Amino acid sequence: MSASVPPSSAPGAVRAGPGRGSGRAGGERGEEGGGGGGGGVADALRLVFSHQVLSFLIPMSYYQEDFFREYLKMMANMVILNLLICISLAFWIVSMTASTYYGTLRPISPWRWLFSVLVPLIIATQGFKKKSLDHSGALGGLVVGFILTVANYSFFSSLFVFFVTSSKLTKWKKDIKKQIDSEYKEGGQRNWVQVFCNGGVPTELALLYMIENGPGEIPIDFSKEYTASWMCLSLLGALACSAGDTWASEIGSVMSKSKPRLITTWEQVPVGTNGAVTLVGLISSLLGGMTVGIAYFITQLLFVSDLEISAPQWPIIVFGAAAGLLGSIVDSYLGATMQYSGFDQTIGMVVNHQTKDSKHISGKPILDNNAVNLFSSVIIALVLPGMSWFFWPRG
């Protein structure tokens, strides 16, 4: 964990990870230059010829160039969206075919397919409009959201709570965070790399879950559905780990009254140090994982029909809290040992790469913040479900 504040930063207290979104800085446009003649033809020719060749042959104003770029972005988004819809339709067709052939797997119902396409699309669009996601992050989130939603509504609710709370917390007290995080981005925009480092493990587990069990909600009961229950807890653990990491960084960095301590040596270090923890941050990580667990538990109560003959589901909340706390500790240890942290005298902040004015605090430049988040979620997803098997009540 670290001691600064990226959207998916190291838990415990605070972290200035390199992973805080990739917002775009917009520059001031100069006066419109040249004539606007041949606007449509100029746009077409610019696809073929370089800017240097056409710059003196076909004048184009800055306004036209800006419009042309936005037009290309819109067309690219439409093409990608159509491809995603086609892929989602293929999911449905394959599901119906497999269900008919094998006779044991549940097919994807048309209503589930429609919900899985429209709701993640609305959420990704809103996330982009509010600058919680950039273009690539919105498209990546759409893919992750579709797969988790079509597999299990409990997966969707957990992902939704993680995304909403993390986005809100990233923008919370942003003026303070700008003063302690050297890589703070306005709005904390997440790109596709951050989306898949936090959502890649759950996405893979959701696909394996559908192969094993088909789409639909099941009670977590090791005595009746061992493999599927293991996958559900593994997915929940990965999301709770990411939520705990983000809550710890975003809350601990601005609410803790004491200086953070490096988890490996317990020495006091500056706010923003990778692998630093505070009591406030650790408690926040536990609450973040618990919130994701509560979302999963409530969805189970709403959509699972045979809960009365299955094992109790309340341990899901405890599991989520444990995954959030333990994930933050794992993340902090990796951040303290495998991420570089140094204090830059010029800007008066902790930096994550060596500069001529930086003084080394901890860690080696092996991993970046995104890689630490990914490895943390993988470890929790692999280890915690197996540990919980010994304590999980039997139906």
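Because the structure is a prediction, the values reported are computed rather than measured.

We now examine the packing of aromatic side chains. This model, assessed by the stated rule, comprises 10 aromatic pairs. Measuring from centroid to centroid gives 6.2 Å for Phe155 and Tyr296, while their planes differ by 45°, and the two rings are tilted. Taken together, the positions of Phe155 in helix α6 (residues 153-171) and Tyr296 in helix α10 (residues 279-303) put the pair 141 residues apart, joining distant regions of the chain. Here the aromatic rings of Trp389 and Phe390 are separated by 5.1 Å at their centres, their planes lie at 80°, and the arrangement is edge-to-face. Ring-pair connections join several aromatic residues into one group, and the members of that group are Phe115, Tyr153, Phe156, Phe160 and Phe303.

Right, let's get into the pattern of salt bridges. A full pass over the atoms with the stated rule returns one salt bridge. We note a salt bridge from Glu217 to Arg112, for which the minimum N-O separation is 3.0 Å. On the criterion of sequence distance, the pair formed by Glu217 in the loop between α8 (192-213) and α9 (226-255) and Arg112 in helix α4 (residues 110-129) is long-range, its members being 105 residues apart. Residue classification places Glu217 among the buried residues on the basis of a relative accessible area of 12%. Residue Arg112 is classed as buried on the basis of its relative accessible area, which comes to 9%.

What follows deals with the pairing of strand β3 (residues 341-344). Relative to strand β5 (residues 358-362), β3 is paired through four bridges, and the arrangement is antiparallel. Bridged to Phe343 within β5 is Lys359. Here β3 folds back onto strand β4 (residues 349-351), and the loop between the two strands holds four residues, one of which, Gly348, carries a positive phi near 70°.

With that out of the way, let us pick up the packing of α4 against helix α5 (residues 135-151). At a closest axis distance of 8 Å, the pairing of α4 and α5 adopts a crossing angle of 150°. In terms of axis orientation, α4 runs roughly antiparallel to α5. As for how α4 packs across α5, the hand of that crossing is right-handed. Only His135, Ala138, Leu142, Gly145, Phe146, Thr149, Val150 and Ala151 of α5 make contact with α4, whose side of the interface consists of Arg112, Trp113, Phe115, Ser116, Val117, Pro120, Leu121, Ala124 and Phe128. Grouping the constituent residues of the contact of α4 with α5 by class yields 12 nonpolar, four polar and one charged.

It is at 6 Å that the axes of α9 and α10 come closest, and there the two elements cross at 140°. The orientation of α9 with respect to α10, classified from their angle, is oblique. Of the two possible hands of crossing, α9 and α10 adopt the one that is right-handed. Two secondary-structure elements touch here, α9 through Cys232, Leu236, Leu239, Ala240, Ala243, Gly244, Trp247, Ala248, Ile251, Gly252 and Met255 and α10 through Val280, Gly281, Ser284, Ser285, Leu287, Gly288, Gly289, Thr291, Val292, Gly293 and Tyr296. Broken down by class, the residue content of the contact of α9 with α10 amounts to 13 nonpolar, nine polar and no charged.

Mean pLDDT over the protein chain works out to 78, with 70% of the residues at or above the 70 mark. Model confidence for the protein chain, summarised as mean pLDDT per element, is weakest for helix α2 (residues 51-54) at 45 and strongest for α10 at 95. For residues 1-58, every residue scores under 50 in pLDDT, and the model assigns this stretch 212 contacts once sequence neighbours within four places are set aside.

Let's shift gears to the nonpolar core. In this structure, Leu148, Phe155 and Tyr209 are the most contacted members of the largest nonpolar core, which totals 45 residues. Those elements that provide at least two residues to this core are α4, α5, α6, α8, α9, α10, α11 (315-338) and α12 (369-389). Element by element, the count of residues in this core is highest for α9, at 11 residues. Ignoring any residue separated from it by four or fewer positions in sequence, one finds Phe155 in contact with Leu148, Ala206, Tyr209, Cys232, Leu235, Leu239 and Tyr296.

The rules we used
- Residues numbered from 1 in each chain as written.
- Predicted model: local features only at pLDDT ≥ 70, side-chain atom pairs only at ≥ 80, totals over all residues.
- Heavy atoms only, no water.
- Phe/Tyr/Trp six-rings, centres within 6.5 Å; stacked < 30°, edge-to-face > 60°.
- Helix = DSSP H or I, 4+ residues; strand = E, 2+ residues; numbered from the N terminus.
- Salt bridge = Lys/Arg side-chain N within 4 Å of Asp/Glu carboxyl O.
- Buried < 20%, exposed > 50% of the residue type's maximum accessible area, 1.4 Å probe, protein only.
- Pairing = 2+ DSSP bridges.
- Axes fitted to C-alpha atoms, helices over the stretch in contact; angles between N-to-C directions.
- Parallel < 35°, antiparallel > 145°, perpendicular 65-115°, else oblique.
- Left-handed = near helix turned anticlockwise from the far one by under 90°.
- Contact = heavy atoms within 4.5 Å.
- Nonpolar A, V, L, I, M, F, W, Y, C, P; charged D, E, K, R; others polar.
- pLDDT = per-residue confidence, 0-100.
- Core = buried A, V, L, I, M, F, W, Y, C linked by side-chain atoms within 4.5 Å.

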